[in-house]
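One letter stands for each residue in the lines below.
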Amino acid sequence: MMQGAGSAVCLGNDIDTDLIIAGRYLRTKDRSVWAEHVFEDLDPTLAGRIRGAVIVAGRNMGCGSSREQAVVALREAGVVGVVAPSFARIFFRNAVNVGLPVIEAAVSCTDGARVAFDLDSGWVEVDGERYPARPLSPKMVAILRAGGLVPYWRSHR
Amino acid sequence: MSTLSERVLGAPAGAYVDREVDIAFAHDGTGVLTQAALREMGVERLPHPERLRLVFDHIVPANTGTTATLQAELRGYAKGSGIALSDAGSGVCHQVMSEGVVRPGTVVVGADSHTCTLGAFGAFATGVGATDMAAIWASGATWFRVPETIAVHLSGRLSGAAEPKDVALACVARLGMEGATYRALEFAGEGAAGISMDGRLTLCNMAVETGAKTGLFYADAVTVRYLASYGLAASPQAPEDCRCERTLDIDLADVVPLVAVPHRVDTVREAEDLAGTHLDQVFVGTCTNGRYEDLARFARIVRGRKVAVRTLVVPASRAVLSRAIATGVLADIVDAGCMVATPGCGPCLGAHAGVLGEGEVCLSTANRNFKNRMGVGGEIYLSSVATAAASAIAGEIAVPEAV
């Protein structure tokens, strides 16, 4: 959970959680529905091409609703991690809680570039160029390392 | 010299704290995932059910068999685990919690981003995700990073047709959609005393639209009087000169009716500049503007007239609806040709009852106008209640007259 790599999918600023998963798809417990419709209102072709990808978003990634379906949709669709210069706070906390790596770093992005990150060492690389990543709090490191809040809870009780 | 967030959380800005929570609630949307996470965590007994609440508000009454089944499962879970349930028709969770539940100085978490609304009482209130909520229900506590604070200094008094929603839109426009990310907005200054509890709830509600963790008002005589009407005793919180990151000065007398245009809540123009904009629907309600004062203001403007565009009014709670019936406000709204729907979130999140069609334009009193939020291809403008009322009568965006 602390390291990962994949090809870049570049997105813009202020990607809200409605764009990640629309309100009309929330009423189900079937996680595959969210993966199938992820980013549908932003770009309907994205869902089919983000498996194994690292999302490199702009500022204020994940703003809006607290819907955890947004981060679950990304994880279930096979996204390896999300890099952005800034995140909306609930999205950021939700991502860690479901075991989806989030990397706060300002990087320049080209679609298809090779992205690698190491949250233990605090860096992200895009096509070999290394950028510093803002460290996670110790609690968040512990949760992410466990694979999310549910496994963290189970191993600490 | 602490900020209100620092006082309530008991630690300086930047510190990480583990805190017991006083109230933790979820709704029909997030509660389903919270229940699922509790099952995966292997939690069978909740230690503090008296602090917990479930409120069905997002899709009420249920629109499909699937929604009904999910709600039935959650209803059963609430009963089995001793959690108080405010079932469909009770109202929006934040409004229900504002009706004699939340008190000054408490720590409140809700599995909904607009939980910041409840900071209006001088509580530290913030939104969390469903799995976070599961861990909170299982332990009664959670961790917080104490936020830095941006002070919003209010001076003067509102004038003309301007209302607290216009102040909220002005605030979002000046800070931007991420201008306060991870921070708290603390509303203070001599102008704060002139803003009612309903108005404070509206202002704190939109704090999250700037990325803020919460918005807070210091409890004062207005707060104490409001809570006394629910039989709750509370003490005022004396403001201190805080170590704030920055101060945003707003002279209430300068605020005019404003409108956020598609698809960004921080892209705000004067209503006057948008007068004549075509509308297909007007929506009045939500955790931003579905309170009694809002309905009464709307009714004053539409009384004895007819709306010229389809108009949907959704009271924020059963208590609001009931009071609007008792005072005749509801009759004015219905007689003006408006539809009135079940207390709850209504069409705000585009899930049911008032969804927009391709190319349709809605003027809404809600807090978000994200692309496609109320329906694919629909456009959302956000305004105050008075602007919505004047526009409903005109059938296009119109500037409300001074009251």
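Residues numbered from 1 in each chain as written. Chains lettered and ligands numbered in written order. Predicted model: local features only at pLDDT ≥ 70, side-chain atom pairs only at ≥ 80, totals over all residues.

A.B. asks: Would you mind showing me how to read the overall build of chain A here?
C.D. replies: What chain A contains, in helices and strands, is six helices and seven strands. When the helices and strands of chain A are read in sequence order from the N terminus, they spell out β-α-α-β-α-β-α-β-β-β-β-α-α. Computed over the C-alpha atoms, the radius of gyration of chain A is 14 Å, within 12% of the 15 Å expected from 2.2 N^0.38 for a compact globule of 157 residues. Its C-alpha atoms give chain A principal-axis dimensions of roughly 45 × 40 × 25 Å. (Helix = DSSP H or I, 4+ residues; strand = E, 2+ residues; numbered from the N terminus. Rg over C-alpha atoms; globule rule 2.2 N^0.38 Å.)

A.B. asks: I keep staring at the domain arrangement of chain B and nothing clicks. Help me out?
C.D. replies: Interface size, as often reported, equals the accessible area lost upon joining of the parts. Residue and element names in this part refer to chain B. Structurally, chain B comprises domain 1 (4-145), domain 2 (149-254) and domain 3 (259-394). In this structure, domain 1 and domain 3 have C-alpha centres spaced 27 Å apart. The interface is formed by 16 residues belonging to domain 1 together with 17 residues belonging to domain 3. (Domains from an automatic or database assignment. Contact = placed C-beta atoms within 7 Å.)

A.B. asks: Just checking my understanding: could you explain the environment of Val83 of chain A for this structure?
C.D. replies: Positionally, Val83 of chain A belongs in strand S3 (residues 81-84). If we ignore the near neighbours within four places in the chain, the residues touching Val83 of chain A are Val54, Val56, Ile103, Ala105, Val107, Val115, Phe117 and Val124 of chain A.

A.B. asks: Looking at this structure, I do not really get the nonpolar core. What am I missing?
C.D. replies: Here is a general trend for soluble globular proteins: nonpolar side chains tend to be buried in one another's company. Core analysis: the biggest nonpolar cluster contains 197 residues, and Ile55, Leu74 and Val82 of chain A together with Phe298 of chain B have the highest contact counts within it. Excluding its chain neighbours within four sequence positions, the residues that come into contact with Phe298 of chain B are Val284, Val313, Ile333, Val385, Ala388 and Ala389 of chain B. (Core = buried A, V, L, I, M, F, W, Y, C linked by C-beta atoms within 7 Å. Buried ≥ 20, exposed ≤ 12 C-beta atoms within 10 Å, placed from the backbone.)

A.B. asks: Could you clarify how one ought to interpret the sheet that holds strand S12 (residues 258-260) of chain B in this entry?
C.D. replies: Whenever strands of a sheet pair, they do so through backbone hydrogen bonds, lying parallel or antiparallel. All names here are of chain B. Pairing within the open sheet is mixed, and its seven strands lie in the order S13-S12-S18-S17-S14-S15-S16. Every other strand in the sheet has two partners, leaving strand S13 (268-270) and strand S16 (339-340) as the edge strands with one partner each. Strand direction decides the pairing type here: strand S15 (residues 310-314) and S16, joined by two bridges, are parallel. Each bridged residue has a counterpart across the sheet, and for Leu312 the counterpart in S16 is Met339. Its contacts with the sheet place helix H6 (residues 164-175) against S12, S13 and strand S18 (379-383), and it is angled at close to 55° to S12. On top of the sheet, helix H14 (residues 385-394) reaches S12, strand S14 (281-285), S15, strand S17 (361-364) and S18; it is set at about 145° to S14, its chief contact. (Pairing = 2+ DSSP bridges. Axes fitted to C-alpha atoms, helices over the stretch in contact; angles between N-to-C directions.)

A.B. asks: Help me understand the interface of chain B and chain A in this model?
C.D. replies: In this complex, chain B contributes 41 residues to the contact, which on the side of chain A involves 33 residues. By residue class, the composition of the side of chain B that touches chain A is 19 nonpolar, 13 polar and nine charged. (Nonpolar A, V, L, I, M, F, W, Y, C, P; charged D, E, K, R; others polar.)

A.B. asks: Please explain the UniProt feature "binding site: [4Fe-4S] cluster" (unreviewed entry) in chain B as it appears in this structure.
C.D. replies: All names here are of chain B. UniProt tags Cys287, Cys345 and Cys348 as "binding site: [4Fe-4S] cluster" (unreviewed entry). These residues run over 62 residues, yet every pair of their C-alpha atoms falls within 9.7 Å of each other. Within the secondary structure, Cys287 is located in helix H10 (residues 286-289). Taking the C-beta count within 10 Å as the criterion, Cys287 has 30 such neighbours and is therefore assigned buried. With respect to the helices and strands, the residue Cys348 is situated in the loop between S16 and S17. (UniProt positions renumbered as here; feature names shortened; annotations may be inferred.)

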